[in-house]
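The primary structure of each chain is shown beneath.
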Protein chains: 2
Amino acid sequence: MDPYSDEKIVESWEGNVSQWTAAVRGGHIESRQLITDKAVVEAVLSHAPESVLDIGCGEGWLIRELSSQVTRLVGLDVVPGLIERAERAGGGDFRVTSYEDIAAGAVDGLFDVVVCNFSLLGKESVEVLFAAIPAILKPGGVFVVQTLHPVIAGVLPYIDGWREGSWAGFGPEFIEPAPWYFRTLGNWVALFSDNGFRLLDMREPIHPNTHKPVSVIFTGALEDRQVTSE
Amino acid sequence: MDPYSDEKIVESWEGNVSQWTAAVRGGHIESRQLITDKAVVEAVLSHAPESVLDIGCGEGWLIRELSSQVTRLVGLDVVPGLIERAERAGGGDFRVTSYEDIAAGAVDGLFDVVVCNFSLLGKESVEVLFAAIPAILKPGGVFVVQTLHPVIAGVLPYIDGWREGSWAGFGPEFIEPAPWYFRTLGNWVALFSDNGFRLLDMREPIHPNTHKPVSVIFTGALEDRQVTSE
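Residues numbered from 1 in each chain as written. Chains lettered and ligands numbered in written order. Predicted model: local features only at pLDDT ≥ 70, side-chain atom pairs only at ≥ 80, totals over all residues. Heavy atoms only, no water.

**Topic: the side chain of Ser 193 of chain B**
What counts here: Labels follow the DSSP assignment, with helices taken as runs of H or I lasting at least four residues and strands as runs of E lasting at least two, numbered in each case from the N terminus. Partly exposed residues are those whose accessible area sits between 20% and 50% of the maximum for their type, while under 20% is buried and over 50% is exposed, using a 1.4 Å probe and protein chains only. Whether two residues are in contact is decided by their heavy atoms, any of which lying within 4.5 Å being enough.
Topologically, Ser 193 of chain B is positioned in helix α8 (residues 185-194). Judged by its relative accessible area of 6%, Ser 193 of chain B is buried. For Ser 193 of chain B, the contacting residues outside a window of four places in its chain are Arg 198, Leu 199 and Leu 200 of chain A.

**Some words on the interface of chain B and chain A**
For interface size, the figure often reported is the accessible area lost on association. Which entries qualify depends on this criterion: In this description, buried area is defined as the sum, over both parts, of the accessible area (probe of 1.4 Å) that is lost when the two are combined. A carboxyl oxygen of Asp or Glu within 4 Å of a side-chain nitrogen of Lys or Arg is what we treat as a salt bridge.
On the chain A side, the residues contacting the 33 residues of chain B number 33 residues. For the pairing of chain B and chain A, the buried interface totals around 2600 Å² over both sides, and the portion due to carbon and sulfur atoms is 57%. Summed over the shared surface of chain B and chain A, the result is 0 salt bridges. Put simply, the parts of the chain that give the side of chain B that touches chain A at least two residues each are α8 and β8 (197-203) of chain B.

**Side note on the relation of the copies chain B and chain A**
Put simply, the test is: The copies were overlaid with a least-squares fit restricted to C-alpha atoms from residues scoring a pLDDT of at least 70 in each copy.
When chain B is fitted to chain A, the residual RMSD is 0.0 Å, and the transformation amounts to a turn of 180° plus an axial shift of 0.0 Å. These values place the two chain copies in the arrangement generated by a two-fold rotation axis.

**Thoughts on a negative patch on the surface**
As a reminder, the rule being used: Excluding any residue in a salt bridge, patches collect residues exceeding 30% relative accessible area, merging like charges within 9 Å and nonpolar Val, Leu, Ile, Met, Phe, Trp and Tyr side chains within 5 Å. Only the protein chains shown count as cover for residues, and the accessible areas themselves come from Shrake-Rupley with a 1.4 Å probe. The convention is simple: Lys and Arg are positive, Asp and Glu are negative, and His and the chain ends are not counted. Think of each charge as sitting on NZ of Lys, CZ of Arg, CG of Asp or CD of Glu.
Together, Asp 2, Glu 7, Glu 100, Asp 101 and Glu 124 of chain A make up a negatively charged patch on the protein surface. Within the element layout of this structure, Glu 100 of chain A appears in helix α6 (residues 99-103).

**Overview of the nonpolar core**
Side chains of nonpolar character tend, in soluble globular proteins, to be buried together. The condition is simple: Residues enter a nonpolar core if they are buried and are Ala, Val, Leu, Ile, Met, Phe, Trp, Tyr or Cys, with the set joined through side-chain atoms within 4.5 Å.
Within the largest apolar cluster, 68 residues are counted, with the highest numbers of intra-cluster contacts made by Ile 55 and Phe 143 of chain A together with Ile 55 of chain B. If we ignore the near neighbours within four places in the chain, the residues touching Ile 55 of chain A are Leu 76, Tyr 99, Ile 102, Val 114, Val 115, Cys 116, Ser 119, Leu 129, Ile 133 and Ile 136 of chain A.

**Some points on the packing of aromatic side chains**
Residues and elements named next belong to chain A. Going by this rule: Note on aromatic contacts: the rings of Phe and Tyr and the six-membered ring of Trp form a pair at centre separations within 6.5 Å, being stacked when their planes are under 30 degrees apart, edge-to-face when over 60 apart, and tilted otherwise. Over a ring means this: the NZ of a Lys or the CZ of an Arg is within 6 Å of the ring centre and within 35 degrees of the ring normal.
Enumeration over the complete set of coordinates arrives at 32 aromatic pairs over all chains. Taken together through their ring pairs, the aromatic side chains of Phe 130, Phe 143, Trp 188, Phe 192, Phe 197 and Phe 218 make up a single cluster. Above the plane of the ring of Trp 188 lies Arg 183, whose end atom (NZ or CZ) is 5.7 Å from the centre.

**Observations regarding the packing of helix α7 (residues 124-132) of chain A against helix α8 (residues 185-194) of chain A**
Residue and element names in this part refer to chain A. In plain terms, the rule: The axes are straight lines fitted to the C-alpha atoms, using for helices just the contacting stretch, and the angles between their N-to-C directions are given from 0 to 180°. For this scheme, ten residues count as nonpolar: Ala, Val, Leu, Ile, Met, Phe, Trp, Tyr, Cys and Pro. Four count as charged, namely Asp, Glu, Lys and Arg, and the remainder, Gly too, count as polar.
Remark: α7 packs on α8, axes separated minimally by 9 Å, with the N-to-C direction vectors making an angle of 35°. In this structure, α7 contributes Val 126, Glu 127 and Phe 130 to the contact, and α8 contributes Trp 188, Leu 191 and Phe 192. Tallied by class, the residues present in the contact of α7 with α8 amount to 5 nonpolar, no polar and 1 charged.

**Some remarks on the confidence of the model for chain A**
All names here are of chain A. The test is simple: Known as pLDDT, the predictor's confidence for each residue is given on a scale from 0 to 100.
Confidence along chain A averages 95 in pLDDT terms, with 97% of residues attaining 70 or more. In this model, residues 226-230 is a region of pLDDT below 50 whose contacts with residues beyond four sequence positions or in other chains number 5 contacts. Listed scores for the predicted complex are pTM 0.94 and ipTM 0.92.

**Observations concerning the sheet that holds strand β9 (residues 215-222) of chain B**
Residue and element names in this part refer to chain B. To keep things clear, this is the line we draw: Strand pairing follows a simple DSSP-based rule, namely that at least 2 bridges must link the two strands.
Read from one edge of the open sheet, 7 strands run β3-β2-β1-β4-β5-β9-β8, paired in mixed fashion. With partners counted over all chains shown, the strands left at the sheet margins are β3 (93-96) and β8, one partner each. Adjacent strand axes in the sheet meet at a mean angle of 20°, parallel and antiparallel pairs treated alike. As judged from the 5 bridges shared by strand β1 (residues 51-55) and strand β2 (residues 72-77), these two strands associate in the parallel manner. By the bridge assignment for β2, Leu 53 is matched with Val 74.

**Some details on the sheet that holds strand β3 (residues 93-96) of chain A**
All names here are of chain A. Taken together, the 7 strands give an open sheet; going across it, the order is β3-β2-β1-β4-β5-β9-β8, and neighbouring strands pair in mixed fashion. Either end of the sheet is taken by a strand with one partner, and the two such strands are β3 and β8 (197-203). For this sheet the average axis-to-axis angle between neighbouring strands, irrespective of direction, equals 20°. With 6 bridges connecting them, β8 and strand β9 (residues 215-222) associate as antiparallel partners. In the sheet register, Leu 199 faces β9, and the bridge partner there is Gly 220. Against the sheet, α8 makes contact with β5 (137-148), β8 and β9, and its axis sits at roughly 20° relative to β9, the strand it touches most.

Here it is in structure tokens:
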């Protein structure tokens, strides 16, 4: 298997299901605890959605977090072990579904918000997924993506491309770090723009101690295809 | 005069006309020589414009640079001394015009590209200017803005607000540095979005030695108000 490939990412996550579930549920990831969990929840709820689709939902924390305020919640993840953990914890409907499945039309119904929280790590799989989102959004719906802040990540050279992964900051129980496809901010903006989205906003939640941004949250809406007047 | 104000920025530039003109024309500003001049020229010419309006044109280098390839070129700047230098060097039409004047309708005609190259330094003046751009763009026209990369600038805390200026890296002949209103990337994106622009792309030219982004170039187009089909 190509060590820098979308397949390798999935394989790596399949080996870290219990470690990851324990880390998320134990609150071991400081940036999530302090900043990014709250930020993505706020970004989603600011649209007062009745339905949310969480793509790359992992063990399902975001669905559970939203469950008191959103009627219809669906979480998708390609890793069966994570979906199993999510189903056991409840809060919404969970299904094993790959990004390629989604691109092939696997999603039923339309959603007010589609969200990807730190779940867009690959190359082709992300590109086909972006192209598929417009078809699963309700009119007026939005696509919310949170990702590591590309500039703050300090990845050099600052150009798109595959990078080696690392579990630095996680425990020794984590194995085989996943490679990831680094995208500049410009690349993310182009993914939205090239797929017919208007970027409504780009939030950069800041760390309360360093005062630097930690992540970036893009919110895109489909371009209005109707005649509007001022 | 409020030391942190749009008025103070203009006053500072009025005191640095000859210093600035010498620095630009002598190629003394490394980031411009190496990276950002070429980047903004490419961003503008990629739209093959017949007409370009350069707002905050300074001593006029960009207009001169574009003059062999663009038919109609107009440069505006609020500082009379800079417009005088620009007129003497030629390449297009130059006029003393403030951003508030532009907001009040001072621009004649419509343009394929409106460009602001490191010229959006203030608060209210920038906000009123953004709101005025849609009315001076041709259908299908674009607004191109180059600015210091807010994340790379290392300004902390990373929140919008006035900051003290500095001429660090410039010679001792520069006086009274201008204050500037720091905007996060999110703030720039909102300026486009809130004024009816779709962000087409966001380029981040990188430094050939540090491999980090130096600046950011936003290109926005007005949202299509017509019915389109896929």
